[in-house]
Amino acid sequence: MKQENRTKITFPSYSANEAFARGAAAAFLARYDPTVPQLADIKTAVSEAVTNCIVHAYPDTVGVVTMTLAIYEGRRVRITVADQGVGIPDVKKAMEPLYTTGNPEERSGLGFTVMQSFMDGVRVISHPGRGTRVTLTKELAARV
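Predicted model only: the values in this text are computed from it and were never measured.

> Requested: an account of the sheet that holds strand 2 (residues 64-72), with residues and values cited.
Strand order across the open sheet formed by five strands is 1-2-3-5-4, with antiparallel pairing between neighbours. With one partner strand each, in any of the chains shown, strand 1 (3-12) and strand 4 (121-127) form the two edges of the open sheet. Neighbour-to-neighbour, the strand axes of this sheet turn through a mean angle of 10°, independent of strand direction. Examined bridge by bridge, strand 2 and strand 3 (residues 76-83) share eight bridges and lie antiparallel to one another. Bridge assignment links Thr 66 to a residue of strand 3, and that residue is Ala 82. Here helix 1 (residues 17-30) sits on the sheet in contact with strand 1, strand 2 and strand 3, set at roughly 165° to strand 1.

> Go over the nonpolar core with me, naming the residues and quoting the values.
Core analysis: the biggest nonpolar cluster contains 33 residues, and Val 46, Met 67, Ile 79, Val 81 and Leu 136 have the highest contact counts within it. Those elements giving two or more residues to this core turn out to be strand 1, helix 1, helix 2 (36-57), strand 2, strand 3, helix 4 (111-118) and strand 5 (131-139). Filtering out sequence-adjacent residues up to four positions away, Val 46 remains in contact with Ala 21, Arg 22, Ala 25, Met 67, Ile 79 and Leu 136.

> Give me the lowdown on the pattern of salt bridges, citing residues and values where you can.
Scanning all chains against the criterion turns up three salt bridges. Across the pair Lys 138 and Asp 41 runs a salt bridge whose closest N-O atoms are separated by 3.5 Å. Of the two residues, Lys 138 sits in strand 5 while Asp 41 sits in helix 2, which places them 97 residues apart along the sequence. Of the charged contacts in the structure, one is a salt bridge between Glu 139 and Arg 76, with a shortest N-O distance of 3.1 Å. Taken together, the residues span a long stretch of sequence, with Glu 139 in strand 5 and Arg 76 in strand 3 at a distance of 63 residues. You can call Glu 139 partly exposed: its relative accessible area is 42%.

> Residue-level account of the side chain of Ser 126, with values.
The residue Ser 126 is located in strand 4 in this model. Given the relative accessible area of 13%, Ser 126 is considered buried. Polar contacts involving the side chain of Ser 126 include one to the side chain of Thr 132, which spans 2.7 Å.

> Give me the lowdown on unusual backbone geometry, citing residues and values where you can.
Working note: non-glycine residues mostly have negative phi, and peptide bonds are mostly trans. We note that Asp 33 has phi near 50°; this positive angle belongs to a residue other than glycine. Mapped onto the secondary structure, Asp 33 falls in the loop between helix 1 and helix 2.

> Account for helix 1, with residues named and values stated.
Across its 14 residues, helix 1 extends 20 Å between first and last C-alpha, which sits within 8% of the 20 Å expected from 1.5 Å per residue. Looking only at helix 1, the buried set comprises Asn 17, Glu 18, Ala 21, Ala 24, Ala 25, Ala 26, Phe 28 and Leu 29. Here the buried face of helix 1 lies against strand 1, helix 2, strand 2 and strand 3.

Cut-off values and rules
Residues numbered from 1 in each chain as written. Predicted model: local features only at pLDDT ≥ 70, side-chain atom pairs only at ≥ 80, totals over all residues. Heavy atoms only, no water. Pairing = 2+ DSSP bridges. Helix = DSSP H or I, 4+ residues; strand = E, 2+ residues; numbered from the N terminus. Axes fitted to C-alpha atoms, helices over the stretch in contact; angles between N-to-C directions. Contact = heavy atoms within 4.5 Å. Core = buried A, V, L, I, M, F, W, Y, C linked by side-chain atoms within 4.5 Å. Buried < 20%, exposed > 50% of the residue type's maximum accessible area, 1.4 Å probe, protein only. Salt bridge = Lys/Arg side-chain N within 4 Å of Asp/Glu carboxyl O. Polar contact = N/O pair within 3.5 Å; in protein donor to acceptor, adjacent residues only side chain to side chain. Expected span 1.5 Å × (residues − 1).

Here is the structure:
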């Protein structure tokens, strides 16, 4: 599949940068004229992926988050959010609804579930001590 456009941004894992990442994704995709619901879905999934990096990947420090956005022919969007944090020991378990490694009074354990509900595909690769990469995919509906 031929890539039409791509960008990559890197930012520190400050909570304020979650809104930046969401806005950057929306700005990048604006030229492809997604529907309002499609854009809202993507922004929500990006928000969850970036928040996971901020909260779980770097629990006691500030680290680096890298977000890569690409669009391919056929209006296929691929967004990768990656960190070099603590990693996820059991990805399958982490993707179960309501599972959280954070404080259950503060975290719902629904981040991956939310991403899966708003995107066509969610792929997670993680290595404890080396970080996590979440790849989100969505096909934008054709505009008439």
